[in-house]
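Spelled out, the chains give:
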Amino acid sequence: MRADGSYFETPGVSFLTLNEEARICRQFDIFDLAHQMKLCDDLEEVGLLSPQLKAQWVLPMKGETGRPAGQESLTLPHAHCMENAYSIFGVGVAQTA
């Protein structure tokens, strides 16, 4: 929660696919990347940004790795085989087994 009592959040939309047991088996998330980058800056400012997320997603997206943005191999911590699959940031797809 932010100092003013509001939550760390960003606008987005999710498309869910449910399996026969009414559990999420696929999720497609769309977020505005400009809002995501601002959110990451805000999280880092208060010490809540994961070092792994910063190294594997934030810096490459900002083009601060010495390589052109978009040419990095990313391994984001997607949820697999969980009741509520999710994607961390950007346009992402998470799928359960």
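Just so it is clear, the model here is predicted, and its values are computed rather than measured.

Counting secondary structure elements, the protein chain contains two helices and three strands. Start at the N end of the protein chain and walk to the C end: the helices and strands fall as β-β-α-α-β. Relative to its full complement of 97 residues, the protein chain shows a buried share of 27%. A separation threshold of at least 6 residues defines the contact pool for the protein chain, and within that pool the share at least 24 residues apart is 42%. Accessible surface, the protein chain: about 6500 Å² in total, of which carbon and sulfur atoms supply 54%.

This part is about the packing of aromatic side chains. Following the criterion strictly, the structure yields one aromatic pair and no others. Relative to F28, the ring of F15 has its centre 6.3 Å away and its plane inclined at 40 degrees; by these criteria the two rings are tilted. Of this pair, F15 sits in strand 1 (residues 12–18) while F28 sits in strand 2 (residues 24–31), placing them 13 residues apart in sequence.

This brings us to the pairing of strand 2. When strand 1 meets strand 2, the two strands line up antiparallel, connected through seven bridges. When the bridges of strand 2 are listed, S14 appears paired with D29. The turn linking strand 1 back onto strand 2 is made up of five residues, and A22 within it adopts a positive phi angle of 65 degrees.

Among the nonpolar cores identified, the biggest contains eight residues, and these are M37, L39, C40, L43, L49, L53, W57 and V58. Contributing elements (two or more residues each) for this core: helix 1 (33–45) and helix 2 (51–62). In terms of residues, this core owes the most to one element, helix 1, which gives four residues.

Here the focus is unusual backbone geometry. For A22, which is not a glycine, the phi torsion comes out positive at approximately 65 degrees. You can see A22 is positioned in the loop between strand 1 and strand 2.

Within helix 2, the full set of buried residues consists of L53, W57, V58 and P60. Here the buried face of helix 2 lies against helix 1. N-cap assignment for helix 2: the residue whose side-chain oxygen lies 3.2 Å from the backbone N of Q52 is S50. A positive backbone phi angle near 75 degrees is found at G63, which sits one or two residues after helix 2.

What counts, and at which threshold
Residues numbered from 1 in each chain as written. Predicted model: local features only at pLDDT ≥ 70, side-chain atom pairs only at ≥ 80, totals over all residues. Heavy atoms only, no water. Helix = DSSP H or I, 4+ residues; strand = E, 2+ residues; numbered from the N terminus. Buried < 20%, exposed > 50% of the residue type's maximum accessible area, 1.4 Å probe, protein only. Contact = heavy atoms within 4.5 Å. Areas by Shrake-Rupley, 256 points an atom, 1.4 Å probe, with all protein chains shown as cover. Phe/Tyr/Trp six-rings, centres within 6.5 Å; stacked < 30°, edge-to-face > 60°. Pairing = 2+ DSSP bridges. Core = buried A, V, L, I, M, F, W, Y, C linked by side-chain atoms within 4.5 Å. Polar contact = N/O pair within 3.5 Å; in protein donor to acceptor, adjacent residues only side chain to side chain.

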